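Listed here are the chains, written in short residue letters.
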Amino acid sequence: MEFRADLKLVLGGGELGADFFRCLLAVDLWGSIKGAAERLGVPYSSVWNKIARGERLLGARLVAASRRGGARLTEEGRRVLRLYLAEAGRRGTVLGLSDFIYAGSHDPVVEEALGGGEAYFVGSMQGLLLVASGLAHFGGVHLGDNWGFVSRYAPHLCLVVGFTREVGVASRRPITRLAELRGLRIVNRPPGAGTRVHIDMLLAEVGVAPWEVPGYWDVAATHEEAARRVAEGSADYTVTVRHAAERHGLYFYKLGVENFDFVCRREACGRVAGFVKSLRLPPGYGEAEGFGEVRCAWG
């Protein structure tokens, strides 16, 4: 017996459910409609028709021919898939097509290294729950004392030491004092995200109640989206990593440096350690002490 709640994207002309998003994810993972159909165990025409219907409903091209043959997701296709995966992850469900599923906090360097695939950017806490429940293989966390938190609340998991990153206020005009943020419009991050904690602490230091802050309920799913929206002028500032701020030409007021580590299931430790060691860290990042080291509470 199994209970399932289907998550659907509801549009004016119809709905797009899990089967459609499985098709998008399969194309992203295996690089062709034919490969997606074979992996999903359905006819080629079924995948083609589902994608074509989604493109009509959304009014955008979601899949395009790849230069190397096959197919790839367009920028819009990847954006729509990421939104669905994030919402599904927050509701405690995954599509489960990949053998290396990420669920955790968002980081621009990690997202680039993943190169697409089945990744649920749901924040540190929800990511930890998805890994702990066996729905994902690994995920990034920044909870302060990451090892202490994992060893106490999820001792059956392991931790792979990751990197440090600079976190601060990204704004369209220079900030010299935090008090200057009063009255300015913010782009926030989702509940459960570690950066949301930074934002709430920042507002407490400024002495402003959350409900008094313009834009407090306006949420961006990722660091990149938050920085982009500030750069485009829909908000005055956000809290993000230096790398995202500088990529979008924003001023950066450093708040501090935090550790970003990776929790994982025991059987995935070796693969996760290899993934961590392969990361290319830009300015604003650094290797944490013990970079790539695996720590497990039980042997």
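Scroll up for the structure.
These numbers come from a predicted model, not from an experiment.

Membership of the largest hydrophobic core comes to 51 residues, with the highest contact counts inside it found for Y102, F138, Y237, F262, V272 and F275. Broken down by element, the residue count for this core peaks at six residues, all from strand β8 (residues 158-171). What F138 contacts, discounting residues up to four positions off in sequence, is F100, I101, Y102, A103, L114, V131, F262, V263, C264, V272 and F275. Of all hydrophobic cores here, the second largest spans 41 residues; its members include A18, F21, V63 and V80.

Think of a ball as big as a water molecule: rolled over the atoms, this probe shows where empty space is left. Within this model, the largest pocket holds a volume of roughly 720 Å³. If you trace the largest pocket, you find 19 residues lining it, with R79, R82, E111, T222 and E224 closest to the centre. For the lining of the largest pocket, the elements supplying multiple residues, two or more each, are α4 (75-90), α5 (108-114) and α9 (223-232). For the lining of the largest pocket, the element with the highest residue contribution is α4, accounting for six residues. The class makeup of the residues in the lining of the largest pocket is five nonpolar, four polar and 10 charged.

A few words now on the side chain of E225. When you line up the elements, E225 lands in helix α9. A polar contact is formed between the side chain of E225 and the side chain of R229, at a distance of 2.9 Å. Residue contacts for E225: discarding those within four places in its chain leaves V219 and A220.

Turning to empty space enclosed by the protein, a few remarks are in order. Applying the stated rule across the entire model yields one cavity of 30 Å³ or more. Taken as a whole, the largest cavity holds about 60 Å³ of empty space. Forming the walls of the largest cavity are 14 residues, and the residues nearest its centre are S105, H106, G123, R189 and A193. Residues of the lining of the largest cavity, tallied by class, amount to five nonpolar, seven polar and two charged.

Given 3.6 residues per turn, any residue in an α-helix points the same way as the ones three and four places further on. Taking 1.5 Å of rise per residue, 16 residues should cover 22 Å, and α4 covers 23 Å from first to last C-alpha, within 8% of that figure. Of all the positions in α4, only G77, V80, L81, R82, Y84, L85, A86, A88 and G89 are classed as buried. If you follow the buried residues of α4, they end up packed against α1 (18-30), α3 (44-58), β4 (71-73), α5, β6 (119-121) and α6 (124-132). Taken from the residues just after α4, G92 is the one with a positive phi, measuring 80°.

On to the state of the cysteines. Disulfide: a covalent bond connecting the sulfur atoms of a pair of cysteines. In total, this model carries one disulfide according to the counting rule given. Linked covalently through their sulfurs, C158 and C296 form a disulfide whose S-S length is 2.0 Å. For the disulfide bridge between C158 and C296, the dihedral angle about the S-S bond is near 110°, and by the sign convention the bridge is right-handed. Taken together, the residues span a long stretch of sequence, with C158 in strand β8 and C296 in strand β12 (residues 294-296) at a distance of 138 residues. Using a relative accessible area of 0% as the deciding quantity, one classes C158 as buried. By relative accessible area, C296 is classed as partly exposed at 23%. Just so you know, C264 is unpaired, no disulfide at all, and the nearest cysteine sulfur is the one on C269, 3.6 Å from it.

Rules behind the numbers
Residue positions are given per chain, counted from 1 along the sequence in the order it is written. Since the coordinates come from a predicted model, pLDDT governs what is reported: local features require at least 70, and pairs of side-chain atoms require 80 or more to be given and counted, while whole-chain, interface and lining totals use all residues. Note that the side-chain values use all heavy atoms of the structure and ignore hydrogens as well as water. Residues belong to one nonpolar core when they are buried, are Ala, Val, Leu, Ile, Met, Phe, Trp, Tyr or Cys, and are joined through side-chain atoms within 4.5 Å. Per-residue accessibility, obtained with a 1.4 Å probe over protein chains only, is compared with the maximum for each type, and a residue is labelled buried under 20%, exposed over 50%, and partly exposed between these values. Numbering goes from the N terminus for both helices and strands, where a helix is a DSSP run of H or I of at least four residues and a strand is a run of E of at least two. Residue contacts are counted whenever heavy atoms from the two residues lie within 4.5 Å of one another. Here a cavity denotes a set of grid points, spaced 1 Å apart and computed over the protein atoms alone, in which a 1.4 Å probe fits but from which it cannot get out, and a pocket denotes an open set meeting protein on both sides within 12 Å along at least five of seven lines; residues with an atom within 4 Å of a point are reported as lining. Grid points are joined across faces, edges and corners, and a volume is the space filled by probe spheres set on the points. The nonpolar class holds Ala, Val, Leu, Ile, Met, Phe, Trp, Tyr, Cys and Pro. Asp, Glu, Lys and Arg form the charged class, and all remaining residues, Gly among them, are polar. N or O atoms closer than or at 3.5 Å make up a polar contact, with two conditions inside protein: a donor-capable atom paired with an acceptor-capable one, and, for residues adjacent in sequence, both atoms drawn from side chains. Each helix should span, by expectation, one fewer than its residue count multiplied by 1.5 Å. For this text, the term disulfide refers to a pair of cysteine sulfurs within 2.5 Å.

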